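Here is what each chain is made of, one letter per residue.
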Amino acid sequence: MIRRATAHPCPHSPTYEALLRAGRRVRPLQQVHARIVVAGHHRTRSFLTKLLTLILCSSSSASCSTAAYARTLFLSIPEPDTFLFNSLITAAAKYGRPADAIVHYRRMSAACLEPSNYTFTSVVKACADLSASQTGRVVHSRVISNGFDSDVFVQTALVVFYGKTGDLHHARKLFDRIPNRTVVAWNAMIAGYEQNGLAEEAVAIFQLMQVAGKEPDSATLVSLLSACSQLGALSLGQWVNDYLVNKGLELNVVLGTALINMYARCGHLEKARKIFNGLQERNVVAWTAMISGYGMHGHGHQAIKLFQQMKSSGLSPNDVTFVAVLSACAHAGLVSEGQEIFASMRQDYGLVPRVEHQVCVVDMLGRAGLLDEAMLFIREETRGLPGPEVLTAMLGACKMHKNFSLGVEVAEHLLAIEPGNPAHYVLLSNIFALAGRMDRVEKIRNVMIHRHLKKQIGYSLIEINQAAHVFRMGDTSHQQTMEIYKYLEELINKIKEAGYVPETSAALHELEEEEREFALRFHSEKLAVAFGLMNTSKNSLIRIVKNLRMCNDCHLAFNFISLVSGREIIVRDKHRFHHFKQGLCSCQNYW
DNA sequence: GTAGGGTTAG
């Protein structure tokens, strides 16, 4: 007699209990399998489904032999049903095999089995992890036609999917239509914005969540902290820190890393280190965040020291760690150390350098003035086919060391590859301006206008009493505009008396007419620093966040401003931190 | 049995 396949395993049978006892270890599971066969349950679909799920979730699920065993087991199961396929899809989506999840889903469809809300949550997650936007959209249409578009789990998975594929418009549309949003749904939307660089929108959703009275959990706070890191929003970041302390939330390694990153990127390096020291568990990501923090602040030796300590603690650096430590070497001028570390990447860890690593090395050699070595490195490492990122770093080095002929050569190469990137034109124009070739500057300006290429608009942000004030070049929108401009004018006169001579070459690359008018004097960071000096007490630090790099003139002016005002000023620009104190900058004018 | 989180270059 053939035993009828049942839908669910009987929860109290000895066989089922043996399965649970075996857990997620393959050998014991195989032994239970033998018992199932001996007991004549080998055609009982429920036991076999549970067994197969456990195998797929087992610690050695990635090994070939386990996969082969799982396949044989699958083929032995009579009349696969929806439940079996859901188990397969979920296991694959959850344990890092999203492509398998999609294959199972397709097989399921081919077998004419009805998908359920469980099927869709997992297969949508798989599409998200693969960034498979085409497949995901097809699945979405099936979600609708099968009537699961009002299931909050499916909806949340879809919000994640559209977020991961960068389609925030669709993500938001779906999110807005969820009637009873769970914390996870809110988190998905916040993370979606944050991961796509839309930190302000992420914060705005969090505020809506507060208004809706939904209590954030640690995942919410992690995404919120990342948004703070992007924005340089220190006071909100500190609020998050206070919040999680007051709520008694456990500082796990993920939350701790988000805090480290927030403090480091908001200019509070010591606080970042304190959090790091207090962590119970430290994994590669946490170490990397701390190393990266030191690098951004120009503390190359500290970064290397931490890198060594990490290795001594038994952890292996990953490719991101190498980017962080190489970048730290570049910013601190630690050339031979950086070269050694770059070599060890391949030799000791079998990691293949990616474009990011090449950029760090070119930047490192280039900043140090070793332009020939940098060119040689590019030729050897990229086999003569450097990507635009590597060439951009090289061009930056040419500008820094005023090597015009090489700069033009590199720029021509770069513009041939990426003719639509305005940043390249601005950089080349800067080089010509420094060389006094105003005819070429004018030419580039015309090309940009002709091709409708706009340079990115710079802004600087300063927080006073937990309120953010944003300034653009020549900004007149602020309430205190008159006072700020007057103060700035007096300040500039004062630093001139102290020896400041404006670096006018930096003004020549201004491309828009109205920008030219204000020239250097009203660059956004100068407005921000004037506003900051006016509105803060004598001994407090001034922190400014800028979205672009500081120009030479502002950098010079800030040195003098820190001297004449006796104030410490910390500026985060696009790439790193500058600590101005008593007339000197932590970057030693090397940035 | 279902959904969400941290680190990277110029």
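Residues numbered from 1 in each chain as written. Chains lettered and ligands numbered in written order. Predicted model: local features only at pLDDT ≥ 70, side-chain atom pairs only at ≥ 80, totals over all residues. Heavy atoms only, no water.

If you look chain A up in an unreviewed UniProt entry, it shows as (wild Malaysian banana) hypothetical protein from Musa acuminata subsp. malaccensis.

**Student:** Is there a simple way to think about helix 21 (residues 355-367) in this case?
**Tutor:** Because the α-helix completes a turn every 3.6 residues, residues three or four places apart line up on one side. Between its first and last C-alpha atoms helix 21 spans 18 Å; for 13 residues at 1.5 Å apiece the expected length is 18 Å, and the two agree. Burial analysis of helix 21 places 10 of its 13 residues in the buried class, the great majority of the element. If you check which residues of helix 21 are buried, you get His357, Gln358, Cys360, Val361, Val362, Asp363, Met364, Leu365, Gly366 and Arg367. Looking at the buried residues of helix 21, the elements they touch are helix 19 (319-332), helix 20 (335-349), helix 22 (371-381) and helix 23 (388-400). Downstream of helix 21 by one or two residues, Gly369 has phi in the positive range, about 85 degrees. (Helix = DSSP H or I, 4+ residues; strand = E, 2+ residues; numbered from the N terminus. Expected span 1.5 Å × (residues − 1). Buried < 20%, exposed > 50% of the residue type's maximum accessible area, 1.4 Å probe, protein only. Contact = heavy atoms within 4.5 Å.)

**Student:** Even after reading the chapter, I still don't get the packing of helix 14 (residues 234-246) against helix 15 (residues 253-265), so can you show me in this structure?
**Tutor:** Packed helix pairs are characterised by how far apart their axes lie and by the angle those axes make with each other. Where helix 14 contacts helix 15, the axes come no closer than 10 Å and their chain directions differ by 150 degrees. The angle between helix 14 and helix 15 places the two elements in the roughly antiparallel class. The two elements helix 14 and helix 15 cross, and the hand of that crossing is left-handed. When helix 14 is examined against helix 15, the residues Leu234, Gly237, Gln238, Asn241 and Leu244 are found in contact with a partner set consisting of Leu255, Leu259, Met262 and Tyr263. (Axes fitted to C-alpha atoms, helices over the stretch in contact; angles between N-to-C directions. Parallel < 35°, antiparallel > 145°, perpendicular 65-115°, else oblique. Left-handed = near helix turned anticlockwise from the far one by under 90°.)

**Student:** Got a minute to help me understand the layout of surface pockets in this structure?
**Tutor:** Size it by volume and the second largest pocket reaches roughly 760 Å³. Along the walls of the second largest pocket sit 30 residues, with Thr156, Ala157, Val160, Val184 and Ala188 positioned nearest its centre. Elements with a contribution of two residues or more to the lining of the second largest pocket: helix 5 (82-94), helix 7 (117-130), helix 9 (152-164), helix 11 (183-195) and helix 13 (218-231). Classifying every residue of the lining of the second largest pocket gives 13 nonpolar, 12 polar and five charged. (1 Å grid on protein atoms, 1.4 Å probe; cavity = no way out; pocket = protein on both sides within 12 Å on 5 of 7 lines; lining within 4 Å. Points joined across faces, edges and corners; volume = space filled by probe spheres on them. Nonpolar A, V, L, I, M, F, W, Y, C, P; charged D, E, K, R; others polar.)

**Student:** Even after reading the chapter, I still don't get the sheet that holds strand 3 (residues 542-546), so can you show me in this structure?
**Tutor:** Remark on secondary structure: sheet strands pair via backbone hydrogen bonds, oriented parallel or antiparallel. A sheet is described by the order of its strands in space; here six strands give the open sequence 2-1-3-4-5-6, paired in mixed fashion. Two strands close off the open sheet at either side, each with one partner strand: strand 2 (467-472) and strand 6 (584-585). Relative to strand 3, strand 1 (residues 459-464) runs antiparallel, the two sharing three bridges. Bridge pairing in strand 3 places Ser460 opposite Lys546. Together, strand 1, strand 2, strand 3 and strand 4 (569-572) form the strand contacts of helix 29 (residues 524-535), whose direction differs from that of strand 1 by roughly 15 degrees. (Pairing = 2+ DSSP bridges.)

**Student:** I keep staring at the protein's contact with DNA strand B and nothing clicks. Help me out?
**Tutor:** The immediate surroundings of DNA strand B are formed by 49 residues, with Asn86, Asn187, Asp217, His331 and Glu389 found nearest. Taking the atoms of DNA strand B that fall within 4 Å of the protein, sugar and phosphate contribute 44% of them. Take Thr257: an N or O atom from its side chain is 2.8 Å from a base nitrogen of DNA strand B. Note that a base nitrogen of DNA strand B is positioned 2.9 Å from one of the side-chain N or O atoms of Asn283. Of the residues in the surface near DNA strand B, the class split is 19 nonpolar, 20 polar and 10 charged. (Near = heavy atom within 4 Å. Polar contact = N/O pair within 3.5 Å; in protein donor to acceptor, adjacent residues only side chain to side chain.)

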